[in-house]
Amino acid sequence: QHGWGFNRDCFKGWLSQLQGSDLTFLDRGYWGNENAFPQILHSGYNVLVCHSLGLHFFTKDQLNSVDMIVVLGGFVCFHGHNPANQISRKHINRMQVRLQREPDQLLKDFYRDCSWYGEVPDIALLNLDLLAADLDLLDTVCLQYEPLRDVKVLILHGSNDRIVPVDRADELQKKLTGTLFQINGAGHGLPFTHVQQCLEIIRDKLCGSQID
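Since the model is a prediction, treat every value here as computed from it, not as a measurement.

**Here's the deal with the overall build of the protein chain**
- Each helix and strand counted, the protein chain has 7 helices and 4 strands in total.
- Along the chain direction, N to C, the helices and strands of the protein chain fall in the order β-α-β-α-α-α-β-α-β-α-α.
- The C-alpha atoms of the protein chain give a radius of gyration of 16 Å, which matches the 17 Å a tight globule of 212 residues would have.
- With the C-alpha coordinates aligned to their principal axes, the bounding extent of the protein chain is approximately 50 × 40 × 35 Å.
- Counting all 212 residues of the protein chain, 48% fall into the buried class.
- The contacts in the protein chain between residues at least 6 apart in sequence include a share of 71% that link residues at least 24 apart.

**Considering the environment of His56**
- Within the secondary structure, His56 is located in the loop between strand E1 (47–51) and helix H1 (60–64).
- For His56, a relative accessible area of 12% gives the class buried.
- Beyond its immediate sequence surroundings of up to four residues, His56 is in contact with Phe75, Val76, Val141 and Leu143.
- A distance of 3.0 Å separates a polar side-chain atom of His56 from the backbone oxygen of Phe75.

**A look at helix H3 (residues 103–113)**
- Listed as buried for H3 are Pro103, Leu106, Leu107, Asp109, Phe110 and Tyr111.
- Here the buried face of H3 lies against helix H2 (86–101) and helix H4 (128–140).
- Just past H3, the residue Ser115 takes up positive phi, approximately 65 degrees.

**Some thoughts on the packing of aromatic side chains**
- Throughout the structure, instances matching the rule amount to 11 aromatic pairs.
- Centre to centre, the rings of Phe6 and Phe110 are 5.7 Å apart; their planes meet at 45 degrees, and the pair counts as tilted. Here the residue Phe6 occupies a position in the segment before E1, and Phe110 occupies one in helix H3, the gap between them amounting to 104 residues.
- Here the aromatic rings of Phe6 and Phe192 are separated by 5.4 Å at their centres, their planes lie at 50 degrees, and the arrangement is tilted. With Phe6 in the segment before E1 and Phe192 in helix H6 (residues 190–193), this residue pair connects regions lying 186 residues apart in the sequence.
- Phe6 sits in the buried class, given a relative accessible area of 3%.
- Put simply, the rings of Trp4, Phe6, Phe110, Tyr111, Trp116 and Phe192 touch in pairs and so form one group of aromatic residues.

**Some remarks on the layout of surface pockets**
- Of the voids in this model, the largest pocket is the one considered here, and its volume is about 680 Å³.
- Along its surface, the largest pocket is lined by 27 residues, and Asp22, Leu23, Val47, Leu48 and Val49 are the ones closest to its centre.
- For the lining of the largest pocket, the element with the highest residue contribution is helix H7 (residues 195–208), accounting for 4 residues.
- The space that makes up the second largest pocket amounts to roughly 360 Å³.
- His91, Arg94, Met95, Arg162 and Ile163 are, among the 17 residues lining the second largest pocket, the residues nearest its centre.

Thresholds applied
Residues numbered from 1 in each chain as written. Predicted model: local features only at pLDDT ≥ 70, side-chain atom pairs only at ≥ 80, totals over all residues. Heavy atoms only, no water. Helix = DSSP H or I, 4+ residues; strand = E, 2+ residues; numbered from the N terminus. Rg over C-alpha atoms; globule rule 2.2 N^0.38 Å. Buried < 20%, exposed > 50% of the residue type's maximum accessible area, 1.4 Å probe, protein only. Contact = heavy atoms within 4.5 Å. Polar contact = N/O pair within 3.5 Å; in protein donor to acceptor, adjacent residues only side chain to side chain. Phe/Tyr/Trp six-rings, centres within 6.5 Å; stacked < 30°, edge-to-face > 60°. 1 Å grid on protein atoms, 1.4 Å probe; cavity = no way out; pocket = protein on both sides within 12 Å on 5 of 7 lines; lining within 4 Å. Points joined across faces, edges and corners; volume = space filled by probe spheres on them.

See below:
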């Protein structure tokens, strides 16, 4: 599941690495093609991979229905443990204003900051209301779940993430009692900038059963 401002294409680099796997690429629907959490999961072991705000698109019951959750560049609250964080709140406020005035340029700048150099989707197809609603969600959401039942949690975070600082990953690790790995030199675009490194860590933990 991608995060704010993207679509399922941000995970397209995983296709060649996971040939033969039973994959579902979820899409929030910012450019149509909405694909929600499946009612019936794949048979076998189910791994849910979420990028950033994507973790917050799921209910607690949905998260508890999988065997393992991998969170890329995620957070408990975008503003961290200090809800009055002025720097991040001003950043979101500027994005909210720009989304209404110049959504195409805002997305181009956001993609640049995430190191996404793929094509920008057709702005004429953009569901601006949904994108704005999810930007409001980003500003206010805070994960309320206690540790999930029998679900392993793996958190991967870029050491140079300028969108979601590393301390947010520490907070998430404590909240979900997961295992945290920092990827040196990586930013916020882990699903498309560090596909190989992410998959190597995931495979290692799946095969080695080293997640507590």
